[in-house]
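# Residue-level structure breakdown
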Amino acid sequence: MSAISAPNAPTSPGPEGPLGAGDLPQPAAPWRLPALLLGVVAGAALQLQQPSLWSEAAYAALLCAALGVGWGGLAVGSARRSGVARGARWRAAASVALVLGAGALAMAAVSGLRASAYLQQGLAPALEGQDIRVTGVVAAMPQANEAGTRLRLEVQSALLKGAPVQLPPQIEVAWYGGAFRDAGEPVDLQRQPAPVRAGERWEMTVRLKAPHGLRNPHGFDFELWTWEQGVQATGYVRAGPKDEPPRRQAATWQHPVEQARQAVRDAILDRLGRGADEASDPGRARIAGVVAALVTGDQRAIDRADWDIFRATGVAHLMSISGLHITLFAWVAAAVVRALWRRSTRLCLRVPAPSAALLAGVALASAYALFSGWGVPAQRTVIMLAIVALLQWRGRRWPWPQVWLLACAAVVLADPWALAQAGFWLSFVAVGVLFATNPIAGSARGKGASGRFYALLQEQWVVTLALTPLSLLLFGQISVVGFVANLVAIPWVTLVVTPLALGGVLWGPLWSLAAWSLQPLTVWLQWLAQWPGAVLFLPAAPLWAGVAAVAGGALLAMRWPWRLRLLALPLLVPVFWWQPARPAAGQFELLAADIGQGNAVLVRTATHTLLYDAGPRFSRESDAGHRVLVPLLRALGERVDVLMLSHRDADHTGGAAAVLAQQPQAELTGSIEAEHVLQALRPARPCLAGQRWEWDGVAFEVLHPLAGDDAPAPRPPRPNALSCVLRVVAAGPQAPSALLVGDIEAPQEQALVARGAALQADLLLVPHHGSKTSSSPALLEAVQPRTALVQAGYRNRFGHPAPDILQRYRERNIRVVESARCGAATWASTAPDAVACERDTGRRYWQHSMVPRSD
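For the structure given in this document, a descriptive report is provided here. (Residues numbered from 1 in each chain as written. Predicted model: local features only at pLDDT ≥ 70, side-chain atom pairs only at ≥ 80, totals over all residues. Heavy atoms only, no water.)

Once that is clear, we can look at the pairing of strand E3 (residues 148-160). With 6 bridges joining them, strand E1 (residues 131-138) and E3 adopt antiparallel strand pairing. What sits directly across from Val134, in E3, is Ala158. In this sheet, E3 lies alongside strand E2 (residues 143-145) in antiparallel orientation, the contact comprising 3 bridges. Following the sheet pairing, Asn145 is matched in E3 by Gly148. Between the antiparallel neighbours E2 and E3 lie 2 residues. Relative to strand E5 (residues 170-176), E3 runs antiparallel, the two sharing 7 bridges. Bridging across to E5, Leu153 finds its partner in Ile171. Pairing between E3 and strand E4 (residues 163-164): 2 bridges, direction antiparallel. Its bridge partner being in E4, Leu160 is matched across the sheet by Ala163. The antiparallel pairing of E3 with E4 creates a hairpin that spans 2 residues between the two strands, and Lys161 there sits at a positive phi of about 55°. (Pairing = 2+ DSSP bridges. Helix = DSSP H or I, 4+ residues; strand = E, 2+ residues; numbered from the N terminus.)

Within a beta sheet, neighbouring strands are joined by backbone hydrogen bonds and run either parallel or antiparallel to one another. Taken in spatial order, the 7 strands line up as E19-E20-E21-E22-E23-E24-E25 in an open sheet, and their pairing is mixed. Each edge of the sheet is formed by a strand with only one pairing partner; in this case those strands are strand E19 (692-695) and strand E25 (815-818). Each strand of the sheet is rotated relative to its neighbour by a mean of 20°, with strand direction disregarded. (Axes fitted to C-alpha atoms, helices over the stretch in contact; angles between N-to-C directions.)

All told, the structure shown has 20 aromatic pairs when counted by the stated rule. Ring geometry for Phe329 versus Tyr368: centroids 4.8 Å apart, planes at 40°, classification tilted. Pair noted here: Phe329 is in helix H8 (residues 323-341) and Tyr368 is in helix H10 (residues 353-371), with a separation of 39 residues, a long-range link. Classification of Tyr368 as buried rests on a relative accessible area of 5%. Here the aromatic rings of Trp544 and Trp578 are separated by 6.3 Å at their centres, their planes lie at 85°, and the arrangement is edge-to-face. Here Trp578 lies in the loop between helix H20 (569-576) and strand E11 (589-592) and Trp544 lies in helix H18 (residues 543-557), a separation of 34 residues in the sequence. Relative accessible area serves as the criterion here: at 29%, Trp578 is assigned to the partly exposed category. Cluster of aromatic residues (ring-pair linked, three or more members): Tyr118, Trp227, Trp417, Tyr845 and Trp846. Sitting above the plane of the Trp562 ring, Arg565 keeps its charged end 3.9 Å from the centroid. One Lys or Arg, Arg634, reaches over the ring of Phe537 and ends 3.7 Å from the middle of that ring. (Phe/Tyr/Trp six-rings, centres within 6.5 Å; stacked < 30°, edge-to-face > 60°. Buried < 20%, exposed > 50% of the residue type's maximum accessible area, 1.4 Å probe, protein only. Lys NZ or Arg CZ within 6 Å of the ring centre and 35° of its normal.)

Structural data, given as structure tokens:
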């Protein structure tokens, strides 16, 4: 909601038309500028839809075409003004249309050229996985966690085996505690990296790869995020015993803002959090992270559990540098400067106090936004404030739609890829609806305390009506308690917590007051988040339904007669009652999620769902369940009946706790020992050969392990040897089937073949991610799959899938689908020869394309 309360912003049209319209000289073509601005936004939006970029020559030709179309639009308009009366209306419409088209073509061309130039600086595929000695300056605040430190480096030089190589201008690397995890090499988390500060020059050995995120339906686009951040390679620091150690060369003057941000963040954490006793005061460090985020914009300082509460109560937009905070800061700064400026007659004679206050407010707000990290929400707010200030400085009083559209176009000109971010739409839809409805200006309740409270109530209600459908479209959830939570949180955080937190930069004890003021708010938010039905999760609806719902929400928020506003209700129906299609009776669908190095396969029948494995744990605060599976299950509207964990390894059970918490009705089964931590969350029923059941005409059978395989022995079996093997068979004469085998290895594969188990399947989940210890010829001959799915991380440290194993599949004409290349893979029993890859669905040019394997 950036700039929604901008001081002296243009108000909504009155009964005589746009405010001040009678005072304006009427331009010859009043619709040309709005058309040009709309064309800029439309052109950027269209360019973002490209699956791959054109040549630079094509974009140059497009830019020339834009100039020609624009000149034609001006010529048509000039002919109308010169007295050509015939077809005047047609000429006016044609002029506007041509100007709009020129803006769209020009913006598409400029965005394409910028993207092409950026891609040319990317990491060469030949340098992936190489040990490169890099010298660079730390360009952003380092981010530390229990495993190590994450650094963003501005590369100055790079050497590969002593020879210079070209790297992208900016890379992001993780410096783990102790030696990095090469195959078979343990991680020593007690050996933490050396302290690193922004602006320091370091020399270190790194191993890089192109940015490659997880690609799942309705999931987070990591590659777009790195594109926005200007990061074109990610990797880790080689700091093992055999590696040349990292060396700090010098502190530099570069990136002074980041140096200041880190100093302030560390001072806040030192004062509020780092000395806290987690046993006696577990919330103190978490509140310190919120205060640090409010001052420096470091959202990673906020604990994941706190983010869950803030999202559930709809106040997440307040808990970092938001447009509302920057707008308030601009207003306070302008008021202070105005009061001080009026004390000097000489200054007032040179520059009027209101003008000085206006410029100072925007300048100081820009400095605050820069200090907060210059994130996209901050950029949007500063641009909108600057536009409003410029119009007032020049004495212009434009109608609000033109101001709003100018701000949109200015943001898109600066960053075309902002259109792909949820924050862009939330901000500008909120601002547009508030301008259109103008609840504060339209209030007749007076200017007293009750009048201000009523205005706040009405404004919050309008924003809630408008943004609820949009939030549902973007995030698949609605905070039912968000209206009540924001009524208290917005004034408290904006008027109490944030000023105290910012004041702590000048006097440290104010940070303690800010933390104390946050404590009752967080307790209240936790109480609200625990209400039954506090958050409503709905399946992800198609785009057309979401757009209709957003239009319906905006219509409901308008200050029109209820007879007209009720027409919005039919527009809301599709998005609130949407249900994704399910397989027909007797058929099933399999979705292998992209979770990196691990297994997680969703099996869906007409009315039931089974989840086979739950993916890996990435860190103390991150796992495949929380990051991938829970959002995926919510987006698909799934109610899991059975969670089957093939065995106890962390790359198969890491996300199970998050899934069980979100799916309280799910039965837990699998090969996990009685002492496993998950047993405390939900007792697990062992999976044993011979277990059979049927859902909607689809047969499920467990083929392994046998009863007694886990019995005590002088040499207990490896966890892989106890993996649950599940066969799923559809109904019908062809009976397409899938075989999920976990991490079984060659001895278990041969045992299954020897005892004559029913192994034939159209789809095989490749054993042990394609390890050399599995996929024996005997198994492949018995299964005879058409398709083999490999779930393994991109450039994983184990080398999965092994080239020899891939060759074994190719020799038998078995199609191999790798999750690193495909993303989430969907297979259906109704089309057993086809696999739909998420990376091929809605592909965009910023997404990573892997180099094809050489046979």
